[in-house]
Amino acid sequence: MPLADLSHAIDAGMPVFPGDPPVTVDPHATMADDGYRVSRLDLGSHTGTHVDAPSHTEADGDAIDDLPVSRFVRDAVLVDLRDRGPRERIRPADLPTADAGAVVLRTGWETRWGDETFLDHPFLTPAAASHCVERGYDVAIDALNVDPTPTEDAPDDEPAGVPAHHELLGSDCLIVENLRNLDAVPDRFELSM
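Fair warning: this is a prediction, and the values are worked out from it, not measured in the lab.

**Q** Even after reading the chapter, I still don't get the overall build of the protein chain, so can you show me in this structure?
**A** Each helix and strand counted, the protein chain has three helices and 10 strands in total. Scanning the protein chain from its N terminus toward the C terminus, one meets helices and strands in the order β-α-β-β-β-β-β-β-α-β-α-β-β. Taken over C-alpha atoms, the radius of gyration comes to 17 Å for the protein chain, in line with the 16 Å a tight globule of 193 residues would show. A principal-axis box enclosing the C-alpha atoms of the protein chain has dimensions of 60 × 40 × 35 Å. Classification of the 193 residues of the protein chain by burial places 42% in the buried group. In the protein chain, the share of contacts with a sequence separation of at least 24, taken over all contacts with a separation of at least 6, comes to 74%. Accessible area for the protein chain stands at about 9,900 Å²; split by element, carbon and sulfur atoms hold 48% of it. Each charge class in the protein chain was averaged separately, 14 positive and 38 negative side chains, and the resulting centres sit 5 Å apart.

This is the structure we're talking about:
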């Protein structure tokens, strides 16, 4: 079975959620001075491609290391949502009812990585998050967030806070954010988070 890396590399200055620590990567040891390389990393725990565990938004939620390793492999269905515009809602009717462990939302926002419009991505409505919970789906997306990310372009009628996170993580459905390279996977595939 072919494998595809769906993660972003960790680089200094990469996009982060507004208010999260910026990413720095500094040399600690160099080949010239030390005969080997070691870098010092400073970053938030939700940098780049990452999994949100229930403890991210739920006071009594499991931490990532409380979950069995088997929890991070899912039969996934790819949902093509590349027709979505900035800050457009993803609704229940946009999502499958397939027998799967995860839905992977391909919004096309990975192409905006590092662009000024990256934060204005499509997002799940609370009802769409409920749809995923009812079907037991973990949710993965090629954008920064499954909820709307606060920016000056946010309209007044957008959900406040992180309701999709609460709905999903509060029901032990994991979230994977900042995927890339989704053109390398078929409509059904095994997602290893």
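From this point, the discussion proceeds with the structure in view.
**Q** Would you explain the side chain of Asp138 in this entry?
**A** By the element assignment, Asp138 lies in strand 8 (residues 138-141). The exposure class of Asp138 is buried, given its relative accessible area of 2%. One polar contact links the side chain of Asp138 to the main-chain amide nitrogen of Leu174, over a distance of 2.8 Å. What Asp138 contacts, discounting residues up to four positions off in sequence, is Arg71, Arg74, Gly101, Ala102, Val103, Asp172, Cys173, Leu174 and Met193.

**Q** When you look at the layout of surface pockets in this model, what are you seeing that I'm missing?
**A** In this approach a probe as big as a water molecule rolls over the atoms, and the regions it shows empty are the leftover space. Estimates place the volume of the largest pocket at around 400 Å³. Around the largest pocket, the lining is made up of 20 residues, and of these Ala4, Leu6, Glu190, Leu191 and Ser192 lie nearest the centre. Sorting elements by how many residues they give to the lining of the largest pocket places strand 10 (residues 188-192) first, with five residues. Considered class by class, the residues forming the lining of the largest pocket number 14 nonpolar, three polar and three charged. Of the pockets and cavities examined, the second largest pocket occupies roughly 180 Å³. A per-class count over the lining of the second largest pocket returns three nonpolar, six polar and three charged.

**Q** Looking at this structure, I do not really get a negative patch on the surface. What am I missing?
**A** The grouping of Asp62, Asp65, Asp66 and Asp172 at the surface amounts to a negative patch. By secondary structure assignment, the location of Asp172 is in the loop between helix 3 (163-169) and strand 9 (175-177). The class for Asp172 is partly exposed, based on a relative accessible area of 46%.

Cut-offs and rules
- Residues numbered from 1 in each chain as written.
- Predicted model: local features only at pLDDT ≥ 70, side-chain atom pairs only at ≥ 80, totals over all residues.
- Heavy atoms only, no water.
- Helix = DSSP H or I, 4+ residues; strand = E, 2+ residues; numbered from the N terminus.
- Rg over C-alpha atoms; globule rule 2.2 N^0.38 Å.
- Buried < 20%, exposed > 50% of the residue type's maximum accessible area, 1.4 Å probe, protein only.
- Contact = heavy atoms within 4.5 Å.
- Areas by Shrake-Rupley, 256 points an atom, 1.4 Å probe, with all protein chains shown as cover.
- Lys, Arg positive; Asp, Glu negative; His and termini not counted.
- Charge placed at Lys NZ, Arg CZ, Asp CG, Glu CD.
- Polar contact = N/O pair within 3.5 Å; in protein donor to acceptor, adjacent residues only side chain to side chain.
- 1 Å grid on protein atoms, 1.4 Å probe; cavity = no way out; pocket = protein on both sides within 12 Å on 5 of 7 lines; lining within 4 Å.
- Points joined across faces, edges and corners; volume = space filled by probe spheres on them.
- Nonpolar A, V, L, I, M, F, W, Y, C, P; charged D, E, K, R; others polar.
- Patch = residues over 30% accessible without salt bridge, like charges linked within 9 Å, V, L, I, M, F, W, Y side chains within 5 Å.
- Salt bridge = Lys/Arg side-chain N within 4 Å of Asp/Glu carboxyl O.

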